[in-house]
Amino acid sequence: MGKGFFISKVVAVVCVVVAISAVATIIALSVVYAQEKSKNQETPTTATTAGPGTQTTTPSTPKEPWQRYRLPDSLSPISYNVTLWPRLTPNTDGLYIFSGYSTVLFTCVKETDLILIHSNKLNFTMFDGYHAQLKAVDGASAPQLKKSWLEVPTQYLVIQLSSPLQAGSTYELFTEFVGELADDLGGFYRSEYDEDGVRKILATTQMQPTDARKAFPCFDEPAMKAVFHMTLIHPHGTVALSNSMNYEPINITTPDGLNLIQTSFGPTEIMSTYLLAFVVCDFGFLQSDLGANVLIRIWARKKAIEEGQGAYALEKTGPILSFFEKYYKIPYPLKKSDQIALPDFSAGAMENWGLITYRETALLYNPAVSSNGDKEWVATVISHELAHMWFGNLVTTKWWNDLWLNEGFATYVSYLGANYAEPDWNMSDLIVLNEIIGVMAVDALASSHPLSSKEADVMRPEDINALFDSITYSKGAAVLRMLSSFITEEVFSNGLNTYLEEFKYKNTVYQDLWKNLQTAVDNAGIQLPHSVEVIMNRWILQMGFPVVTIDTKTGKISQKHFLLNPDSVVDVPSEFNYEWFVPITWIKTGAAKDQYWLLTKEATNADMMTGDGDWLIANIDMKGFYRVNYDSENWDRILTKLSTQHQDIPVINRAQIIDDAFNLARAKIVSTTLALSTTRFLNTELEYMPWQTATRNLDYFVLMFDRSEVYGPMQGYINKKVTPLFKHFEELTANWTKIPEKHTDQYNQVNALSWGCSTGVDGCKELTTAWFKEWMDNPDNNKISPNLRTTVYCSAIAQGGAVEWDFAWKMYKSATIASEAEKLLYALSCTKQPWLLNRYLEYCLDPTMIRKQDATFTINYIAGNPIGQPLAWDFIRANWAHIFNDYGGGSMSFGRLINGVTKRFSSEFEYKQLLQFKEDNISQLGSAASSFEQALERTKANMDWVALNKKLVFDWFTSEISGTV
């Protein structure tokens, strides 16, 4: 092992006696787990022990502390000593389990005769009829236990005492327990994979937001920070990892003769429970040079490491860490940074302090098989997680209602870190495409929500899970990017530094950041129309954003809450009346002008009046989170400029013009023909951002019209626009044999091929079919460019039948590289054969066919196929209870599932089906509840839009392809 890997061989000896003495208890505990599990499942909502051996029923009144979802402020944890032993083979009942014991040291802050500590799905050893043992520290006496029980709805172990704990005194609570090492991707869970024909099992964790309590009893709230001393017992041939550096592993023998390894870890920094992580696996790793200040290790399946799939992550982690050290002006707080790629993982990655866990596609990269998009994803996810090491981990928000600050910030600066690591990629611009444009569509719904919620509105675990959405991540990033822009990046960085220094190892609310940024603004002498807090409150405490309308004839500027469906009713009041303080950056005929603040509903700026031939564009580089509309004359001048010299308009603003126009048209603010006219220049456009924005907006037309007569003329129009782009890349790549040098050109090549094949550009389908057939003829030698594989696979499978589908399925099941498997997983949904799509849907509920982490994505992929959409909708309705119960109704992916399956809905019949489904399953919506509201609203908007625009759009496309005006 590298220098610094072991802390001390001597210190570890202290742990030996504790471990061996407890092993017998752990074994005895695990033997009865199957019976205890079934007993626990049959137990009433509240299981109570009143004195040794006495069972009673707890009165159920909402006023009792254990019936509230938030912990009282009477106790404060100091440290935990936790020992866990995961079994990597099933017991005689076929169950995978873990057993363990824990001691939590805590201080009594306020006198109380009640201990509430979180526990979920754990079965406890009883001590004289109680679930725990309590003792006082420093020789004092502890109160006797009076009653203990598990309060299942609020996930507490409840302990009532015969006399109060004394304020200022310190106590220890000891528990022993067993839990299931399930495959549910939450808490302490198991992941499975095949390597060289052998089924491998590993144990890993995902604690955020409320699943540490599934691993051991704990005060499972972000503000309850503590130090953690972890010990893992595991089989020979495996390695144990956790947040801290480990002591030297020790061989131990259980009373029944099992030879095992015990690995103990040094104390963590003071941190929240949701950042705790531990893994038992037989993975390999790559590591940084021995002399490095921070030990960096990339862990993954041994084969993946042998193939060098972790090399890119290792290469970029050091520079990104260095960037953030300079950006925050604070050294990395830990001695090591372990990053591990897991075969089964629900999110993209998790910022556990010192042991970051990743989905394989977010950490592993193989240049022979992975695309440039895969590479970009690895760089940005690593950057996102490393940003959290300071912002989120060192300083943590007090409660989940401010999750947006944690995740929005990490999303924003992840692009800065990735831009530093890959300066040729222009990542600081790509945030507009990847985050901002997409979330504006969500935030334009009346069913959106403010970034910052009231603490009282976010109580239950499902409430917390529902916050992990695009508003939190992407809008959070967008408004922080806007703030950084108008106070400057340097001042923003200075304010972050003082914020982190002031609150390190503590918890905060968002106002604490505003105060530090205000101090930095004042020190820099920057003049703002109001304080940072007053300006930003309007962006975070009310949902939505404005459309700013500029009349270049009069200089009049106005703002209005932008709603995608202007007829939707906003029934959530705002103390700001849905008005914002808007920083307007603008250019006139290409010349940059001074920023202007719109502080009222209407204002006039004479400088924004234009003369003949002048054109004006506002919101330069989309630094502001708002849309822009103009008078008709300025729109005409912009369209003329696009059709004659589009390069005179900044590339991000060319994308912005398209996106604003299409969304303004959907909101009935401008005509749909104006929006469509912003795409006329595309036959001369070679840049990725305008093309990608046009693609996304035209995709909406495809969704609405691909089952109608509009589809033919629309395809003909797009064919005309994409043919020059297709020929450009044909020449640039020497007939598709070379990879474009520019990062965004590699992306736009995919647009050219994808649109080319879907609209029938000459030679495109023949090309993809030939490439795929060549691979089918020689499965061990796939010559298709990794960048183009998703498009080629999809096109070939769409044109083929069962033979092509079965070949792709075989390749998916045998893929050893996660990014390749993901491409095939998507492409399999492209078939036009309903029976194949139905079979594929059935596979989604069989974890041996499709991993649980991928099931909801796969259903969405199928729903994206016009033939698959009604099949997917029928499927989730028929199987909702099973999906909800077995695939985690509280997980983040359920909102995406509803959005994905319903995005085509545009008829009264579909609206009624959706409403009926919601009513039928009102008790089983979980984190998808708000997504149902958004889907209903979106369906209504789609219905209105199609009714209003179908004939107009048909006529426009028909006119364009016939060459008439």
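Predicted model, so just to flag it, every value in this text is computed and none were measured.

Caption draft 1: Local environment of the UniProt feature "domain: Aminopeptidase N-like N-terminal" (unreviewed entry) in the protein chain. In the numbering adopted here, UniProt assigns the feature "domain: Aminopeptidase N-like N-terminal" (unreviewed entry) to residues 77-275. From the first C-alpha to the last, residues 77-275 spans 15 Å; its make-up is 0% helix and 53% strand.

Caption draft 2: Inspection of the state of the cysteines at higher detail. In the structure shown here, the tally under the stated rule is 2 disulfides. Sulfur-sulfur distance for the disulfide between Cys757 and Cys764 comes to 2.1 Å. Taking the sign of the S-S torsion, about -90° here, the bridge from Cys757 to Cys764 comes out left-handed. Each member of the pair Cys757 and Cys764 is classed as buried. Through a disulfide, Cys794 is tied to Cys830; the S-S separation comes to 2.0 Å. Between Cys794 and Cys830, the S-S torsion sits near -100°, and that sign places the bridge as left-handed.

Caption draft 3: Here's a closer look at the sheet that holds strand 26 (residues 582-588). Read from one edge of the open sheet, 3 strands run 27-26-29, paired in antiparallel fashion. Looking at strand neighbours, the two that pair on one side only are strand 27 (591-598) and strand 29 (616-618), the edges of this open sheet. The mean angle between the axes of side-by-side strands here comes to 25°, regardless of whether they run parallel or antiparallel. Pairing geometry for strand 26 and strand 27, over 6 bridges, is antiparallel. Across the sheet, residue Ile587 finds its bridge partner in strand 27, namely Ala592.

Caption draft 4: Up close: the environment of Ile540. As for its placement among the helices and strands, Ile540 is situated in helix 12 (residues 532-540). Along the sequence, Ile540 and Trp404 sit 136 residues apart, while their C-alpha atoms lie 9.1 Å from each other. Every residue in contact with Ile540, bar those within four places of it in the chain, is listed here: Trp404, Pro450, Leu451, Ser452, Tyr510 and Trp514.

Caption draft 5: Highlighting the packing of helix 7 (residues 427-443) against helix 16 (residues 688-705). Where helix 7 meets helix 16, the axes come as close as 11 Å, and the angle between the chain directions of the two elements is 15°. Taken together, the axis directions place helix 7 and helix 16 in an arrangement best described as roughly parallel. With respect to the hand of their crossing, helix 7 and helix 16 are arranged in right-handed fashion. Two secondary-structure elements touch here, helix 7 through Asp429, Leu430, Val432, Leu433, Ile437 and Gly438 and helix 16 through Tyr688, Met689, Gln692, Thr693 and Arg696. Residues of the contact of helix 7 with helix 16, tallied by class, amount to 6 nonpolar, 3 polar and 2 charged.

Caption draft 6: Geometry of the sheet that holds strand 18 (residues 295-300). In space, the 5 strands of this open sheet follow the order 17-18-19-21-20, with mixed pairing throughout. Both edges of this open sheet fall to strand 17 (284-287) and strand 20 (349-350), since each of them pairs with a single strand only. Two strands pair when backbone bridges link them, and strand 20 and strand 21 (residues 355-359) are joined in this way by 2 bridges, in the antiparallel orientation. Each bridged residue has a counterpart across the sheet, and for Ala349 the counterpart in strand 21 is Tyr358. Along the sheet face, helix 5 (residues 372-388) touches strand 19 (336-342), strand 20 and strand 21 and points at about 150° away from the line of strand 21.

Caption draft 7: Structural detail: unusual backbone geometry. Each neighbour pair has its own omega, and for Gln208 with Pro209 the value is 0°, a cis peptide bond. Turning to its location among the elements, Pro209 is positioned in the loop between strand 11 (198-206) and strand 12 (227-235). Despite not being glycine, Ala734 shows a phi value in the positive range, around 50°. The residue Ala734 is located in the loop between helix 17 (711-732) and helix 18 (743-759) in this model. Overall, the relative accessible area of 35% leaves Ala734 in the partly exposed class.

Caption draft 8: Molecular detail of the pattern of salt bridges. Applying the stated criterion across every chain, the model contains 46 salt bridges. Glu422 is the salt-bridge partner of Lys316, the closest N and O atoms lying 3.5 Å from each other. With Lys316 in helix 4 (residues 311-328) and Glu422 in the loop between helix 6 (403-421) and helix 7, the pair connects residues that are 106 residues apart, well separated along the chain. Like Lys316, the residue Glu422 is buried in the burial classification. We note a salt bridge from Asp463 to Arg460, for which the minimum N-O separation is 2.9 Å. Through salt bridges with shared partners, one network takes in Arg190, Glu192, Asp194 and Arg199.

Calculation criteria
Residues numbered from 1 in each chain as written. Predicted model: local features only at pLDDT ≥ 70, side-chain atom pairs only at ≥ 80, totals over all residues. Heavy atoms only, no water. UniProt positions renumbered as here; feature names shortened; annotations may be inferred. Helix = DSSP H or I, 4+ residues; strand = E, 2+ residues; numbered from the N terminus. Disulfide = S-S within 2.5 Å. Buried < 20%, exposed > 50% of the residue type's maximum accessible area, 1.4 Å probe, protein only. Pairing = 2+ DSSP bridges. Axes fitted to C-alpha atoms, helices over the stretch in contact; angles between N-to-C directions. Contact = heavy atoms within 4.5 Å. Parallel < 35°, antiparallel > 145°, perpendicular 65-115°, else oblique. Left-handed = near helix turned anticlockwise from the far one by under 90°. Nonpolar A, V, L, I, M, F, W, Y, C, P; charged D, E, K, R; others polar. Salt bridge = Lys/Arg side-chain N within 4 Å of Asp/Glu carboxyl O.

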